[in-house]
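Architecture and fold: a report
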Amino acid sequence: MDPLLAYARRMDRADGLAHYRKRFVGADSELVYFDGNSLGRPPAAAIERVERFMREEWGGRLIRGWDEAWLQLPYEIGDQIGRAVIAAKAGQTVIGDSTTVLLYKLARAAIDGQLARDPQRREIVVDRDNIPTDRYVLEGIAHETGCHLRWIDVDLTRGVSSEQLAEAVGPQTALVVLNHVSYRSAFIADAQELTRIAHDAGALVLWDLCHSAGSVPVHADRWEFDLAVGCTYKYLNGGPGSPAFAYVRDDLHTVLRQPIQGWFGTADLFAMGPEYVPARSIRRFVSGTSPISAMIAMRETLAMIEEAGMAAVRAKSVALTSYAIDLADAWLGPLGVTLGSPRDPEERGGHVILQHPAMREVTARLWQRDVIPDYRDVGGLRIGLAPLSTSFEEVHRGLDATRVVLREVLAERAGLA
Ligand SMILES: *Cc1c(COP(=O)(O)O)cnc(C)c1O
């Protein structure tokens, strides 16, 4: 047998998290899913949980569901994310709007807070490879507030370094917005060190945790985060468009004021008072009616992560991406493919990007064969390996198919030349 396949089987047998894979819909099929970092598979138990919610809670309790249970749910799940995923003590994390909208609310709250304290702090520091939606939101905030964006140019196979950030921040900096794990290269930013550098300059930091939540450990409290947002439909399997989470450090709750002042953010929702009085807790970062039905499915994966522990999840993630790189080196390197992610696992998150000019075509053909990675310009085949639902043998199957398809595309192109 191919020793690389024998290795995969051995790893699957020895994998202490292997049993979780059976708990995801479709994981037993032949399809290779390399996109759990964009949209996680549905947990099987979520089907029953959602159905029970519809029948018993929504159908049975009707409007009465809004008494304690639903009102508390965004905070209850937020605390669970705090405990299981980002190491934040209770009362600082809440499920809210989409990541984009939460990022706007927190960034705007931070800018307004800084300008009120010191009108000279008019710069927002962001890197050019920050995910597009974050850059667009910040462009809008700069336009609204008269602030200025200060761009950091980054190496696309890595991300922002300490030196680069130290050079960009100063007495003019209001806010720094960074991705913890790069959506492109999977480079892990040194969040603790970068936060310290920003704080030394008097700036606030807003971390986007979308590609780390559920794959790379985060220590929001220990690393002294101010603000963070993260997706729940990626490694947390909340389902398409499931609402994001926001983290706000507790001493900022009474200091910052977010721009979308709605009734769900007031101290007493049912007081229906004449004017907006923000709650003195994480509640003030909520705006309108919480998307309760969209936050049910994520509870399954959160329970699995809480049971397994992020350290074990991360250990499997490192083993999966390392194995994918070994296969790519052996099979795809000779075809001209290069690694667009850090080789050092300490610096690499839960996905791997493989570079070759033919990857757009390769991705399209892989999808036709039920091998589902995604494509990121320029020439990047992105392989996302969700630790709870991916097996080593699946990685083998997927990389093997990639080798076959890439050879096919290269042979056709050579024939045409
Ligand atoms: C996926 C992702 C988002 C998505 O934001 P939405 O509002 O859910 O569309 C934002 N930031 C990062 C870093 C992401 O990876």
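Structure: above.
Residues numbered from 1 in each chain as written. Predicted model: local features only at pLDDT ≥ 70, side-chain atom pairs only at ≥ 80, totals over all residues. Heavy atoms only, no water.

1. A few points about the sheet that holds strand S8 (residues 245-248)
Sheet architecture is open: seven strands sit in the order S2-S8-S7-S6-S5-S3-S4, paired in mixed fashion. The open sheet has two edge strands with one neighbour each: strand S2 (93-95) and strand S4 (148-152). Within the sheet, the average angular offset between the axes of one strand and its neighbour, ignoring direction, is 20°. Across three bridges, the pairing between S2 and S8 is antiparallel. Within S8, the residue paired with Ile95 across the bridge is Phe245. Lying over the sheet, helix H5 (residues 99-117) contacts strand S3 (123-127), strand S5 (173-179), strand S6 (204-208), strand S7 (227-230) and S8, oriented at roughly 170° with respect to S7. In this fold helix H8 (residues 191-200) packs onto S5 and S6, with an angle of close to 155° to the strand it touches most, S6. (Pairing = 2+ DSSP bridges. Helix = DSSP H or I, 4+ residues; strand = E, 2+ residues; numbered from the N terminus. Axes fitted to C-alpha atoms, helices over the stretch in contact; angles between N-to-C directions. Contact = heavy atoms within 4.5 Å.)

2. Let's talk about a nonpolar patch on the surface
A cluster of nonpolar side chains, contributed by Met54, Trp58, Leu62 and Ile63, occupies part of the molecular surface with about 460 Å² of accessible area. Along the chain, Met54 turns up in helix H3 (residues 44-61). (Patch = residues over 30% accessible without salt bridge, like charges linked within 9 Å, V, L, I, M, F, W, Y side chains within 5 Å. Areas by Shrake-Rupley, 256 points an atom, 1.4 Å probe, with all protein chains shown as cover. Salt bridge = Lys/Arg side-chain N within 4 Å of Asp/Glu carboxyl O.)

3. Some points on empty space enclosed by the protein
Gaps left between atoms are located by rolling a probe of water-molecule size over the structure's atoms. For the coordinates displayed, the defined rule picks out two cavities of 30 Å³ or more. The volume enclosed by the largest cavity comes to roughly 110 Å³. Every residue lining the largest cavity is counted, 13 residues in all, and those nearest its centre are Asp127, Gly159, Val160, Asn179 and Ser182. There is about 60 Å³ of room inside the second largest cavity. If you go around the second largest cavity, the residues you meet are Phe24, Gly214, Tyr235, Asn237, Val313, Ala386, Pro387, Leu388 and Ser389. Of the residues belonging to the lining of the second largest cavity, the class tally is six nonpolar, three polar and no charged. The residue makeup of the lining of the second largest cavity includes at least three contributed by each of domain 1 (3-44 + 309-413) and domain 2 (66-305). (1 Å grid on protein atoms, 1.4 Å probe; cavity = no way out; pocket = protein on both sides within 12 Å on 5 of 7 lines; lining within 4 Å. Points joined across faces, edges and corners; volume = space filled by probe spheres on them. Nonpolar A, V, L, I, M, F, W, Y, C, P; charged D, E, K, R; others polar. Domains from an automatic or database assignment.)

4. Focus: the packing of helix H11 (residues 359-368) against helix H12 (residues 392-416)
Two numbers describe how H11 lies on H12: the axes approach to 9 Å, and their chain directions differ by 125°. Classified by the interaxial angle, the pair formed by H11 and H12 is oblique. As H11 packs across H12, the resulting crossing turns out to be right-handed. Across the interface between the two elements, Glu361, Val362, Arg365 and Leu366 from H11 touch Ala401, Thr402, Val405, Leu406, Glu408, Val409, Glu412 and Arg413 from H12. Across the contact of H11 with H12, the residue classes tally to six nonpolar, one polar and five charged. (Parallel < 35°, antiparallel > 145°, perpendicular 65-115°, else oblique. Left-handed = near helix turned anticlockwise from the far one by under 90°.)

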